[in-house]
Amino acid sequence: MADNQQAVSVTRDLFNEVMVPNYNPAQMIPVKGEGSKVWDQDDKEYIDFAGGIAVNCLGHCHPAMVSALQEQSQKLWHLSNVFTNEPAIRLAKKLTDATFADRVYFANSGAEANEAALKLARRWALEEHNQDKQQIIAFSKGFHGRTFFTVTVGGQPAYSEGFGPKPGAVEHVPYNDIDALKALISDKTCAVMMEPLQGEGGVVTPDAEFVKAVRELCDENNALLIFDEVQTGFGRTGSLYAYQQLGVTPDILTSAKSLGGGFPIGAMLTTEAIAAHLKPGTHGSTYGGNPLGCAVSEAVLDVVNTDEVLNGVKQREQWLKDQLSAIGEKYGVFKEVRGKGCLIGAELSEKFEGRARDFLLAGQEHGVMVLIAGANVIRFTPSLIIPEADIKEGLQRFEKAVAQVAG
Ligand SMILES: *Cc1c(COP(=O)(O)O)cnc(C)c1O
């Protein structure tokens, strides 16, 4: 062990001394993961229903990912976009083959993929139409990342306030409210951005007619439809992308989180005609399309985009929903269990309103990691291949946590 590693005792208290206080992580520090299990510094085991916030789609340290990373790490780590590289081209080819898209732009995160999508939409509107076509419409409680543009398009004003003047011409309407969109959209609308199932906003499923009506309104007003599939994408809802089950095709789609399975990578997918507006020099990134990230993502795609895994996601949805509903009934804690695939939300009943974090903390005590989505929803975004036995064991632990909070 290196001297500098020996000298410091790594504790949660030290976090508070050396980190900017924008996060409030758990007291325990995880040190190892395998599949859907994680161990902390004291070797305590946890079943992982959090999945790194819908990122670890193949669990921890999946052999296909480990070997892709190791192999690539001995060939080439980084070039910048002054040069292209084989993993990036291969991954782009596979993504375009598997979706509506003809062209891919690689970024390093969901926010960056969305930033690229929004800038592209504005450039498209300016070049294809006119300078008055700038309005971006998005939805209340939507989440699109934390850069200033994306957080402004996101539907939680609290996240974008207090940082000075916001990017303009961004407006919001309630999700699933087609009349509100109809009243606002016009030929001045450049794009409508939406999640095809709101994740951070509380695991809110769109009505099927709503998504179709959004597409129609975009078409009638010559506006682009941008699907933010950062959370719903890469198998999460049981198809490679959620749009493939909705009967609606977007003009631009963004992907991240599960795209890298734990390696930071983002992507924006679009058609040839729209992509043509990002000419050389209009946008870019030093790391975007990095060979390590693309090699890992390609390995993830090869595993995820198979009938076996995608059908398995639907099976896991049923297991999770059935067992969570049973827990909800037994203890009277849930108003509704909802979501799709391995993106499940349990909304708390009135008696427990605002207490989602209490359940999350009790879960950690009992050896299970869950997430929240707002103060009223407990969120489950496990690995897409979490074994049935781990779901059972994890939910038994979760039931103990529920009994503790409800008792
Ligand atoms: C997580 C998330 C983002 C932001 O992704 P980052 O990688 O954190 O920048 C954007 N959109 C949606 C729908 C997300 O769930």
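Here the residue numbers are simple positions, counted from 1 along each chain's written sequence. Reporting in this predicted model follows two pLDDT cut-offs: at least 70 for local features of residues, and 80 or more for side-chain atom pairs to be given and counted; totals over whole chains, interfaces and linings ignore these cut-offs and use all residues. The basis for the side-chain values is all heavy atoms of the structure; hydrogens and waters are excluded.

Q: So what about the UniProt feature "binding site: N(2)-acetyl-L-ornithine" (unreviewed entry) in the chain? Which residues, and what values?
A: Annotation from UniProt places "binding site: N(2)-acetyl-L-ornithine" (unreviewed entry) at Arg146 and Ser285. Note on contacts: a residue pair is in contact if any heavy atoms of the two residues lie within 4.5 Å. For Arg146, the residues in contact, after removing those within four places along its chain, are Ala111, Val151 and Tyr159. Tracing the backbone through its elements, the reader meets Ser285 in the loop between helix H11 (272-275) and helix H12 (291-304). Note on exposure labels: buried denotes an accessible area under 20% of the residue type's maximum, exposed denotes more than 50%, and partly exposed covers the range between, all computed with a 1.4 Å probe on protein chains only. Taking the relative accessible area as the measure of exposure, Ser285 reaches 18% and is therefore buried. Residues within four places of Ser285 in sequence aside, it is in contact with Asn81, Tyr105, Asn108 and Glu112. Pairs of N or O atoms are called polar contacts if they sit within 3.5 Å, as long as, within protein, a hydrogen donor faces a hydrogen acceptor (for residues adjacent in sequence, only side-chain-to-side-chain pairs). A distance of 3.3 Å separates a polar atom in the side chain of Ser285 from a polar atom in the side chain of Asn108. UniProt positions are given in the numbering used here, feature names are shortened, and annotations may be inferred rather than shown by experiment. Here a strand is any run of E in DSSP of at least two residues, a helix any run of H or I of at least four, and the numbering for each starts at the N terminus.

Q: Now, about the domain arrangement of the chain: what can you tell me, with residues and values included?
A: Domain limits in this description derive from either an automatic procedure or a database domain assignment. The domains assigned to the chain are domain 1 (2-61 + 307-406) and domain 2 (75-304). A separation of 27 Å is found between the C-alpha centroids of domain 1 and domain 2. As a working definition, buried area equals the accessible area (1.4 Å probe) given up by two parts on being put together, with both sides summed. The three residues of domain 1 that bury the most area against domain 2 are Leu310, Lys340 and Leu343, which together make up 28% of that side's buried surface. When a carboxyl oxygen of Asp or Glu lies within 4 Å of a side-chain nitrogen of Lys or Arg, that pair is called a salt bridge. Across the salt bridge formed by Arg379 and Glu200, the nearest N and O atoms sit 2.9 Å from each other. For the pair domain 1 and domain 2, the number of links is eight residue pairs in polar contact (both at pLDDT 80 or more). Secondary structure elements with two or more residues in the side of domain 1 that touches domain 2: helix H3 (51-54), helix H13 (307-331), strand E11 (334-340), strand E12 (343-348) and strand E15 (377-380). The element contributing the most residues to the side of domain 1 that touches domain 2 is H13, with four residues.

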